[in-house]
Amino acid sequence: MSDPIQAVRDFIIERNPKLGEVPDDLDLIDSRAINSLAFVEFIFLLEELTGEPIDPEALDLDDFRTLAAIQARFFSQKASL
Amino acid sequence: MAAVREIEPIVLDLNRLEQMAESGYYNPYTMFDWPDSIEPDKPWMSENLTTLAGTPMWDELTREQQIALTRWEAVNFFSLNIHGIRELMSEVVMRIHEKTYAHVSEFLHHFIGEENEHMWFFAQFCLRYGGKLYPAQPTLKVASADHLSPVAREMIVFARILIFEEIVDYYNSYMATDQTLPPIAREINRVHHQDESRHVAFGRMIFQNLLGQVMKRDPDEVPLIAEYLENYLQYSIGTLYNPAAYRDAGIPDALALRRRALEHPARIEAHDKILKRTRSFLSKVGAGREVIRR
Ligand SMILES: [Fe+2]
Ligand SMILES: [Fe+2]
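All of the points below concern the structure found in this document. Computed from a prediction, not measured in an experiment: that's the story for all the values here. (Residues numbered from 1 in each chain as written. Chains lettered and ligands numbered in written order. Predicted model: local features only at pLDDT ≥ 70, side-chain atom pairs only at ≥ 80, totals over all residues. Heavy atoms only, no water.)

### Side note on the coordination of the iron ion (ligand 1)
All names here are of chain B. Protein coordination at the iron ion (ligand 1) comes from Glu 115 (OE), His 118 (ND1), His 192 (NE2) and Glu 196 (OE), with a distance range of 2.2 to 2.4 Å. Every donor counted, the four donor atoms about the iron ion (ligand 1) form angles of 85 to 158 degrees at the centre, which fits irregular coordination. Here the donor residues of the iron ion (ligand 1) share one chain and are spaced in sequence as E-x2-H-x73-H-x3-E. Between the iron ion (ligand 1) and the iron ion (ligand 2), the interatomic distance is 3.3 Å, and Glu 115 donates to each metal, bridging them. With a gap of four residues between them, His 192 and Glu 196 both fall in helix H7 (residues 183-217), about one helical turn apart. With respect to class, His 192 is no different from Glu 196; both count as buried. (Donors = N, O, S within 2.8 Å, 3.2 Å for Na, K, Ca; no water. Tetrahedral: all angles 85-135°; square planar, octahedral: opposite > 155°, others 65-115°. Helix = DSSP H or I, 4+ residues; strand = E, 2+ residues; numbered from the N terminus. Buried < 20%, exposed > 50% of the residue type's maximum accessible area, 1.4 Å probe, protein only.)

Right under this line is the structure:
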């Protein structure tokens, strides 16, 4: 996937068609764009995009709050290569 | 538990279900014949019920991988049961002596007791033959129904239990008579199916009672509930597709495979079959997906 953050964006819009677009700083959790029922799918998507397993015991909610945070936590090394 | 005070007392006619629970009472700790091991060529779960059934992805597996997949998906299925039971027991225990539930407390005692026993035999199977349980899926600590009223949230607690039990029962009732399975796997499914028919009957009654309370208070909330329930159906189906089970069965690219399988037309048809009974019940009582406002 050439732009993983776009895949994340697509995932969110597909599940929240009313949203229209996803600003980088939208709080995905408080806005319920990602609720606990979608969370498992979301983790699987991130694992697939990064190729790295995510340890459910070591989850920090703040890593998932915004697209900006997701970019920084999961895709920043790849982006700089 | 402050929310419970806003719920009207729940009165249901449970005499028949209570009598059945008493007369059907059994000792789970002595009733099963646990073999030391299971013949290596036997599936642990019906092949038709695996998450790749009906797709080319199943046909592409070696026979060894197919058998391994039935085994690890059986362990996943029983593990999901165990985690589901842990969730529902903790919810029900917290309510069992609340005033709202005083009239149904007797049945809830049977319910909790039976679920504890189910949890025991499911875990026995996984640990004896699979050597492990799969861990519970990660959850957000934020509640998914925070946007709903207390009565609706109360209803959601019992709706989750009901939906979970109905999906499980689809699998149990099929495997209860599948002659390709080893006797112990068949037995566990059969015994569970028997108890669950009472739980599902109860679940539908209490769901309708609470849904009625929601409708009386604010009918506009029903579409939001229907949306939640539809999401929960989809979520529940998703949990059956565990990438860890694919990996344990020696199948590569577990996550991509999972994604492809979930979208495959044969699987979508299978999901519709699994959910058919629950969907028509929800539609009948007015909380089906057709009332969602898009
Ligand atoms: Fe059960
Ligand atoms: Fe049950």
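### So, the pattern of salt bridges
Taken as a whole, this structure holds 22 salt bridges over all chains when the rule is applied. One salt bridge in this structure joins Glu 91 of chain B and Arg 95 of chain B, with 3.0 Å as the shortest N-O distance. Residue Glu 91 of chain B and its partner Arg 95 of chain B are both found in helix H4 (residues 63-95); the two are separated by four residues, about one turn of the helix. For Glu 91 of chain B, a relative accessible area of 27% puts it in the partly exposed group. Arg 279 of chain B is the partner of Glu 230 of chain B in a salt bridge, and the nearest nitrogen-oxygen pair spans 2.9 Å. Of the two residues, Glu 230 of chain B sits in helix H8 (residues 222-240) while Arg 279 of chain B sits in helix H11 (residues 265-284), which places them 49 residues apart along the sequence. The same class applies to Glu 230 of chain B and to Arg 279 of chain B, which are both buried. Bridged by salt links that share partners, the residues Asp 27, Asp 30, Asp 62 and Arg 65 of chain A form one connected network. (Salt bridge = Lys/Arg side-chain N within 4 Å of Asp/Glu carboxyl O.)

### Topic: the coordination of the iron ion (ligand 2)
Within the protein, the atoms that donate to the iron ion (ligand 2) are Glu 115 of chain B (OE), Glu 165 of chain B (OE), Glu 196 of chain B (OE), Glu 196 of chain B (OE) and His 199 of chain B (ND1), at distances of 1.8 to 2.3 Å. In the primary structure, the donors to the iron ion (ligand 2) are separated according to the pattern E-x49-E-x30-E-x2-H.

### Topic: the side chain of Asn 35 of chain A
By secondary structure assignment, the location of Asn 35 of chain A is in the loop between helix H1 (4-15) and helix H2 (36-50). A polar atom in the side chain of Asn 35 of chain A sits 2.9 Å from the backbone nitrogen of Leu 37 of chain A. When neighbours within four sequence positions are excluded, Asn 35 of chain A is seen to be in contact with Leu 140 and Asn 231 of chain B. (Polar contact = N/O pair within 3.5 Å; in protein donor to acceptor, adjacent residues only side chain to side chain. Contact = heavy atoms within 4.5 Å.)

### Things to note about the packing of aromatic side chains
The final tally for this structure, using the stated rule, is 23 aromatic pairs over all chains. Where Phe 42 of chain A meets Phe 64 of chain A, the ring centres are 6.5 Å apart and the plane angle is 65 degrees; that geometry is what we call edge-to-face. One end of the pair, Phe 42 of chain A, is in helix H2; the other, Phe 64 of chain A, is in the loop between H2 and helix H3 (67-80), and 22 residues separate them in sequence. In this structure Phe 42 of chain A comes out as buried when scored by relative accessible area, which is 0%. Ring centres 5.8 Å apart and planes at 70 degrees place the aromatic pair Tyr 170 of chain B and Tyr 171 of chain B in the edge-to-face group. Given a relative accessible area of 26%, Tyr 170 of chain B falls into the partly exposed group. Given the relative accessible area of 3%, Tyr 171 of chain B is considered buried. One residue, Arg 15 of chain A, lies across the ring of Phe 11 of chain A, its end atom 3.8 Å from the ring centre. A cation over a ring is seen here: Arg 73 of chain A above Phe 74 of chain A, with NZ or CZ 4.6 Å from the ring centre. (Phe/Tyr/Trp six-rings, centres within 6.5 Å; stacked < 30°, edge-to-face > 60°. Lys NZ or Arg CZ within 6 Å of the ring centre and 35° of its normal.)

### Here's the deal with the packing of helix H10 (residues 254-263) of chain B against H11 of chain B
Residue and element names in this part refer to chain B. Taken N-terminus to C-terminus, the directions of H10 and H11 make an angle of 65 degrees; their axes are 5 Å apart at the nearest point. Residue-level contacts link Ala 261, Leu 262 and Glu 263 of H10 to Pro 265, Arg 267, Ile 268 and His 271 of H11. Considered class by class, the residues forming the contact of H10 with H11 number four nonpolar, one polar and two charged. (Axes fitted to C-alpha atoms, helices over the stretch in contact; angles between N-to-C directions. Nonpolar A, V, L, I, M, F, W, Y, C, P; charged D, E, K, R; others polar.)

### Quick notes on the interface of chain B and chain A
Counting from both sides, the interface comprises 22 residues of chain B and, opposite them, 17 residues of chain A. Carbon and sulfur atoms supply 68% of the area that chain B and chain A bury against each other, a total of about 1,800 Å² over both sides. A per-residue breakdown of the area chain B buries against chain A is headed by Pro 138, Leu 140 and Leu 255 of chain B, which together make up 37% of the total. Joining chain B to chain A, the criterion identifies two salt bridges. (Buried area = accessible area lost by both parts, 1.4 Å probe.)

### A word on the environment of Pro 40 of chain B
All names here are of chain B. Along the chain, the position of Pro 40 falls in the loop between helix H2 (28-31) and helix H3 (56-59). For Pro 40, a relative accessible area of 68% corresponds to the exposed category. Measuring from C-alpha to C-alpha, the distance between Pro 40 and Phe 78 comes to 19 Å, with 38 residues separating the pair along the chain. The contacts of Pro 40, once residues within four sequence positions are left out, are Ile 67 and Arg 71.

### Digging into the side chain of Ser 46 of chain B
All names here are of chain B. When you line up the elements, Ser 46 lands in the loop between H2 and H3. The exposure class assigned to Ser 46 is buried, which follows from its relative accessible area of 1%. Discounting residues that sit within four places of it in the chain, Ser 46 has contacts with Tyr 174, Met 175, Asp 178 and Leu 181.

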